[in-house]
Amino acid sequence: MQLQAEEAMNAFKKGCVKISQGWGMSEVVCAGINFAMHERDPDVSGVGFLISGMSAKLLDDEGRELGYDEPGELIIKGPNVFAGYWKKEKETRESFTEDGWFKTGDIALVKKSGIFHIVDRKKELIKVKGMNASTLLSRDAAPTLYIYIGLQVAPAELEDLLLKSPDVEDVAVIGIPAYVSPFVLTRPYLTLRSEGTEHPRAYVVPSPSRSTSDRQALARDIVAFISERVTRHKHITGGVVFVDAIPKNPSGKILRRQLRDRKGDKVWADTARLKSKL
């Protein structure tokens, strides 16, 4: 999008326009990460360097600090971070760590160059599989082993890839609940309980060149396009829904709740449902 905007504007400004990205939010007085006027990310997708006076960490779901190229929740501290939400003590308390770091809710990673990349919002991550390895021991009952395999998918990653497909004009990806209900498997002294999982589903506006194509064939091409480029747990196992337009707010943010609330859509290439019937 950045390069497309530059190209369009330079058609009139003859190469004088340079656009770079940045990251910020109201809680950090708008800017927290950005580029200087002469700086730019070589692969375009970065949002910049941490601004002067700011500190940042990336944490996994267990609160452990992560290193370079490891995506995790971005938490920050600095003089421009807000003090809290007006008359909302509970929300304020939940937004900060015990030692004063603000939890942004954004999943990010940082390269060795120091350039940050925003992956997605934490609440929008698709939980493909999940287990929480913990054993409940009791004198009165058999131990229960809860298993959670922490595999998550960022919708933005799949959307960025799909927008590179010649078959796709616009797209949004959400997680849909698994078709197979959670199970409980009991054995002497051990009970295995499955956790819920989600499947990535793509809502696609076909490109003009494929708008009249056979829908099943087109859906298979789109699913194959992703499957050839990402690991297995990121495949579009929830199928493809073709739509006339992706719902967005005036600033261009995808309104995923509207997609989740849709009913009665025809779903194509739905491998998750096919497998659940076997």
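This section reports on the structure supplied with the text. Everything quoted here is computed from the prediction, not taken from an experiment. Starting afresh in each chain, residues are numbered from 1 along the sequence in its written order. With the structure being a predicted model, the display of local features is reserved for residues of pLDDT at least 70 and the display and counting of side-chain atom pairs for 80 or more, all residues being used for whole-chain, interface and lining totals. Computation of side-chain values: all heavy atoms of the structure, hydrogens and water removed.

Topic: the overall build of the chain
Put simply, the test is: To qualify as a helix, a DSSP run of H or I must reach at least 4 residues; to qualify as a strand, a run of E must reach at least 2; elements of each kind are numbered from the N terminus. Throughout, a contact is declared for two residues whenever any of their heavy atoms are within 4.5 Å. Using the Shrake-Rupley algorithm and a 1.4 Å probe, accessible areas are obtained, with residue cover drawn only from the displayed protein chains.
What the chain contains, in helices and strands, is six helices and 16 strands. Contacts in the chain between residues far apart in sequence, at least 24 positions, make up 59% of those at least 6 positions apart. Put simply, the chain shows about 17200 Å² of open surface, and 54% of that area lies on carbon and sulfur atoms.

Details of the packing of aromatic side chains
Spelled out, the test is: Only Phe, Tyr and Trp rings are paired, with Trp represented by its six-membered ring, and only when their centres lie within 6.5 Å; those with planes under 30 degrees apart are stacked, over 60 edge-to-face, the remainder tilted. Geometrically, a charge over a ring is one whose NZ (Lys) or CZ (Arg) sits within 6 Å of the ring centre while staying within 35 degrees of the ring normal.
Enumeration over the complete set of coordinates arrives at five aromatic pairs. Arranged with centres 5.8 Å apart and planes meeting at 85°, the rings of Phe-35 and Phe-49 form a pair that is edge-to-face. Taken together, the residues span a long stretch of sequence, with Phe-35 in the loop between strand E2 (33-34) and strand E3 (49-50) and Phe-49 in strand E3 at a distance of 14 residues. When the ring of Phe-82 is compared with that of Tyr-85, the centres are 4.8 Å apart and the planes differ by 70°; the resulting orientation is edge-to-face. Put simply, the rings of Phe-82, Tyr-85, Phe-96 and Phe-102 pair up and form one aromatic cluster. In this arrangement the basic side chain of Arg-215 is found over the ring face of Phe-242, its NZ or CZ atom lying 4.8 Å from the centre. A cation over an aromatic ring shows up here: Arg-229 above the ring of Phe-225, its NZ or CZ 3.7 Å from the ring centre.

Remarks on the nonpolar core
Using the following cut-off: For the purposes of this section, nonpolar cores are sets of buried Ala, Val, Leu, Ile, Met, Phe, Trp, Tyr and Cys residues that join through side-chain atoms within 4.5 Å. Buried, partly exposed and exposed residues are distinguished by accessible area as a fraction of the type maximum, computed with a 1.4 Å probe on protein chains only: under 20%, between the cut-offs, and over 50%, respectively.
In terms of nonpolar packing, the biggest core is built from 22 residues, with Leu-162, Val-204, Ile-222 and Val-240 touching the most fellow members. The element that contributes the greatest number of residues to this core is helix H4 (residues 215-227), accounting for six residues.

Considerations on the sheet that holds strand E7 (residues 116-121)
The line we're drawing: Note on pairing: two strands pair once DSSP finds at least 2 bridges between them. Axes here refer to lines fitted to C-alpha atoms; in helices the fit is confined to the stretch in contact. Angles between the N-to-C directions go from 0 to 180 degrees.
Across the sheet, which stays open at both edges, the four strands sit in the order E4-E5-E6-E7 with antiparallel pairing between neighbours. Edge positions in the open sheet fall to strand E4 (55-59) and E7, since each of these has one partner strand only. Pairs of neighbouring strands in the sheet enclose a mean axial angle of 45°, with direction left out of account. Of the strand pairs in this sheet, strand E5 (residues 72-77) and strand E6 (residues 102-110) are connected by four bridges, and their pairing is antiparallel. Counted as the bridge partner of Glu-73 is Ile-107 from E6.

Comments concerning the sheet that holds strand E16 (residues 240-242)
Strand order in the open sheet formed by three strands is E12-E15-E16, with mixed pairing between adjacent strands. Looking at which strands have only one partner, the edges of the open sheet turn out to be strand E12 (168-177) and E16. For this sheet the average axis-to-axis angle between neighbouring strands, irrespective of direction, equals 25°. Where E12 and strand E15 (residues 198-206) come together, nine bridges link them in antiparallel fashion. Among the inter-strand pairings, Val-171 is bridged to a residue of E15, identified as Val-204. The sheet contacts of helix H3 (residues 155-162) involve E12 and E15, and relative to E12 the element is tilted by about 150°. Against the sheet, H4 engages E12, E15 and E16, with an angle of about 130° to E16.

Describing H3
The element H3 is largely enclosed, with a buried count of six among its eight residues. The complete set of buried residues in H3 reads Pro-155, Ala-156, Leu-158, Glu-159, Leu-161 and Leu-162.

Some points on the environment of Leu-163
Position of Leu-163 relative to the elements: it lies in the loop between H3 and E12. With a relative accessible area of 42%, Leu-163 lands in the partly exposed category. Residues Leu-163 and Ser-207, spaced 44 residues apart in sequence, show a C-alpha to C-alpha distance of 9.9 Å. In contact with Leu-163, not counting residues within four places along its chain, are Val-168, Glu-169, Asp-170 and Val-171.

A short note on the packing of H3 against H4
Worth spelling out the cut-off: By definition in this entry, angles of less than 35 degrees are roughly parallel, angles greater than 145 are roughly antiparallel, angles of 65 to 115 are roughly perpendicular, and the rest are oblique. Handedness of a helix crossing follows the sense of rotation of the near helix relative to the far helix, less than a right angle counterclockwise being left-handed and clockwise being right-handed. Classification used: nonpolar for Ala, Val, Leu, Ile, Met, Phe, Trp, Tyr, Cys and Pro, charged for Asp, Glu, Lys and Arg, polar for all others including Gly.
Interhelical geometry of H3 versus H4 gives an angle of 115° and a closest axis separation of 10 Å. The angle between the axes of H3 and H4 places the two elements in the roughly perpendicular class. You can see that H3 and H4 cross each other, and the crossing is right-handed. Residues Leu-158, Leu-161 and Leu-162 of H3 form the contact with H4, whose own contacting residues are Ile-222, Phe-225 and Ile-226. In the contact of H3 with H4, the residues fall into six nonpolar, no polar and no charged.

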